[in-house]
Amino acid sequence: LVQIGLRPEKLTLVPKGRGELAATFQFFEELGSARAYHLQIEDIPVVVMSEEKLTLTEGEAVGLSFPPLALHVFDGPSGRSLTRQGQGQKVGEPA
């Protein structure tokens, strides 16, 4: 079992059918100069932080894009990073 981690500020909302992941828009929060977009990927809640002011409808299908190096992989039971070496962290180090 592995877990993946993506920081909200590394995610980008893109049109449905594009990007690496498909999600459903739930709602957004205004946080000053940025918005926190709350999404659902199957039964997993996901937050995207963006300064972009998008007009989305609850239940709308969207895509998520992110740079490959932004993806962090962890061993589920131990929480240890399985991030590839060469990304500034050795395999097995706590994240």
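Check the entry above for the structure.
All figures in this text were calculated on a predicted structure; none of them were measured in a lab.

### Here's the deal with the packing of aromatic side chains
Logical step 1: Summed over all chains, the structure comprises two aromatic pairs.
Logical step 2: Ring geometry for F25 against Y37: centres 6.4 Å apart, planes inclined by 55 degrees, an arrangement best described as tilted. Residue F25 is found in strand 3 (residues 21–31), and its partner Y37 is found in strand 4 (residues 34–41); the two are separated by twelve residues along the sequence.
Logical step 3: Ring centres of F28 and Y37 lie 6.1 Å apart, and the angle between their planes is 45 degrees; this geometry places the pair in the tilted category.
Logical step 4: Assessed through its relative accessible area of 35%, F28 is described here as partly exposed.
Logical step 5: Given a relative accessible area of 0%, Y37 falls into the buried group.
Logical step 6: Here the basic side chain of R35 rests over the ring of F28, its NZ or CZ set 3.9 Å away from the ring centre.

### Remarks on the nonpolar core
Logical step 1: L13, L39, V48 and L64 are the most contacted members of the largest nonpolar core, which totals 13 residues.
Logical step 2: Elements supplying a minimum of two residues to this core: strand 3, strand 4, strand 5 (44–50) and strand 6 (61–65).
Logical step 3: Take this core: its biggest share by element is three residues, from strand 4.
Logical step 4: When neighbours within four sequence positions are excluded, L39 is seen to be in contact with L13, A23, T24, F25, Q26, I44, P45, V46, V48, V62 and L64.

Parameters at a glance
Residues numbered from 1 in each chain as written. Predicted model: local features only at pLDDT ≥ 70, side-chain atom pairs only at ≥ 80, totals over all residues. Heavy atoms only, no water. Phe/Tyr/Trp six-rings, centres within 6.5 Å; stacked < 30°, edge-to-face > 60°. Helix = DSSP H or I, 4+ residues; strand = E, 2+ residues; numbered from the N terminus. Buried < 20%, exposed > 50% of the residue type's maximum accessible area, 1.4 Å probe, protein only. Lys NZ or Arg CZ within 6 Å of the ring centre and 35° of its normal. Core = buried A, V, L, I, M, F, W, Y, C linked by side-chain atoms within 4.5 Å. Contact = heavy atoms within 4.5 Å.

So yeah, pure geometry; function would need other evidence.
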